[in-house]
Amino acid sequence: MSQIQIAEIIEQISQEIEVDANGQAKASVRATARLAGVDDESIRKALKSSADLVPSKLAKELMLQGFETADLTEWKTKGIPDAAIAIILEYYAYEAGRYCTKQARLVCRSFNTIGIRAWIQDKLGWTKPASNSETAMTQIQLLAALAKHLAEQEQHLLQQQQQQTEILHRLKAVEVEQDRVNTPCGHKYSVVGFANLQGLEISVKEAGTKGRKASALCRKQGIEIERIHDPRFGKVGLYPESILVEVFKAEQN
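Throughout what follows, the structure given in this document is the object of discussion. (Residues numbered from 1 in each chain as written. Predicted model: local features only at pLDDT ≥ 70, side-chain atom pairs only at ≥ 80, totals over all residues. Heavy atoms only, no water.)

**As for the sheet that holds strand β2 (residues 25-27)**
The cut-off we apply is this: Here, any two strands with at least 2 DSSP bridges between them count as paired. Helix and strand labels come from DSSP, where a helix needs a run of H or I of at least four residues and a strand needs a run of E of at least two; each type is numbered from the N terminus.
Ordered in space as β1-β2-β3, the three strands form an open sheet in which the pairing is antiparallel. The open sheet has two free edges, formed respectively by β1 (17-19) and β3 (80-81), since each of these has just one partner strand. As defined by bridge partners, β2 adjoins β3 across two bridges and the pair is classed as antiparallel. Among the inter-strand pairings, K26 is bridged to a residue of β3, identified as P81.

Below, the structure is given as structure tokens:
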């Protein structure tokens, strides 16, 4: 689960998040479950058990933080307040045992970072609304903004890695070319390529004859013959310049 995927999830559940005039937010059970990386039925059962004689571990955590049994029951239809969302995320991140999820840890980590509000506001260029009547940026909104910011950073990192890979490929090509220049035999060419370089016309039959002679000389001198794909002739050999010079010189004589 990456920050890009977290940003996508927040975008998908944006219609299930509400903010009142005082800036207090709440989210549906389904939206909260998506953030925690669990199915919404798990949260519904945990909230329902608060009305039973033996409340769930999650219900106990919420009630220890001052929420009433009646509150938990209402959340299933009226939405979960942002303060309770933070507790639920922390529960599925670290305290749910085998039900803990990596996604909950990642979202919880981002959500907890919002506590350093001054730092986040500075990084995201947030300023306080001019009047109290305007909706203030809430924790949910900050989480969305932070997730978007981290997703952009991750995308930038991926682009940098791709550029580095391309540079490494280019450097490798340069090294191969330098190695050819520095070898005693010099550059390597196909028979047709060498003929074109010398300004000579050569038939397919002649190219085949010279290729066989060049191959024989390479084997005699213990030189490895490279093979490349040619759209006209299929696989063709690459021979050292010194070998081709000898073959073409012998033909001329």
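**Comments concerning the pairing of strand β6 (residues 234-240)**
Definition in use: Using a 1.4 Å probe on the protein chains alone, a residue whose accessible area is under 20% of its type maximum counts as buried, one over 50% counts as exposed, and one in between counts as partly exposed.
The buried fraction of β6 amounts to five of the seven residues, a majority that puts the element mostly inside the structure. Pairing of strand β5 (residues 226-230) with β6 involves five bridges; the strand directions are antiparallel. Residue pairing across strands places R227 opposite G237, the latter belonging to β6.

**Points about the packing of aromatic side chains**
Under the convention used in this document: Only the six-membered ring of Trp is used, alongside the rings of Phe and Tyr, when aromatic pairs are assigned; centres must lie within 6.5 Å, and planes under 30 degrees apart are stacked while those over 60 apart are edge-to-face, with the rest tilted. To sit over a ring, a charge needs its Lys NZ or Arg CZ within 6 Å of the ring centre and within 35 degrees of the ring normal.
This structure, assessed with the given rule, holds four aromatic pairs. Between Y91 and Y92, the ring centres sit 5.0 Å apart and the planes meet at 80°, which makes this aromatic pair edge-to-face. In this structure, Y91 and Y92 share a single accessibility class: buried. Ring pairs connect the aromatic residues Y189, F194 and F248, which therefore count as one cluster. For the cation-ring pair, K210 lies above F248, with the distance from its terminal atom to the ring centre recorded as 5.2 Å.

**Here's the deal with the sheet that holds strand β4 (residues 188-189)**
Quick reminder of the rule: Here, residues are in contact when the closest pair of their heavy atoms is within 4.5 Å. To get an axis, fit a line to the C-alpha atoms, keeping to the stretch in contact for a helix; angles then go from 0 to 180 degrees between the N-to-C directions.
One open sheet holds the three strands; their spatial order is β4-β6-β5, and the pairing between them is antiparallel. The sheet is open, and its two edges are formed by β4 and β5, each paired on a single side. As judged from the two bridges shared by β4 and β6, these two strands associate in the antiparallel manner. Bridged to Y189 within β6 is Y239. Across the sheet, helix α11 (residues 204-221) lies against β5 and β6, angled at about 55° from β6, the strand it touches most.

**Focus on helix α2 (residues 29-36)**
The buried fraction of α2 amounts to six of the eight residues, a majority that puts the element mostly inside the structure. Along α2, the positions that sit buried rather than exposed are V29, A31, T32, A33, L35 and A36. Following α2 by one or two positions, G37 adopts a phi angle in the positive range, close to 75°.

**Looking at the packing of α2 against helix α3 (residues 40-48)**
Where we set the bar: By convention the crossing between two helices is left-handed if the near helix lies anticlockwise of the far one by an angle smaller than a right angle, and right-handed if it lies clockwise. Note on residue categories: nonpolar means Ala, Val, Leu, Ile, Met, Phe, Trp, Tyr, Cys or Pro, charged means Asp, Glu, Lys or Arg, and polar means any other residue, Gly included.
Two numbers describe how α2 lies on α3: the axes approach to 8 Å, and their chain directions differ by 115°. Here α2 and α3 pass one another in a crossing that is right-handed. The residues of α3 that touch α2, namely those facing V29, R30, T32 and A33, are D40, I43, R44 and L47. Looking at side-chain class alone, the contact of α2 with α3 contains four nonpolar, one polar and three charged residues.

**Here's the deal with the environment of Q12**
Note the threshold: Distance and chemistry together define a polar contact, namely a pair of N or O atoms within 3.5 Å, with one atom able to donate a hydrogen and the other to accept it when in protein, and with adjacent residues in sequence counting only for side-chain atoms on both sides.
Tracing the backbone through its elements, the reader meets Q12 in helix α1 (residues 3-12). Taking the C-alpha atoms as reference points, Q12 and A31, 19 residues apart in sequence, are found 8.8 Å from one another. A distance of 2.7 Å separates a polar atom in the side chain of Q12 from a polar atom in the side chain of R34.

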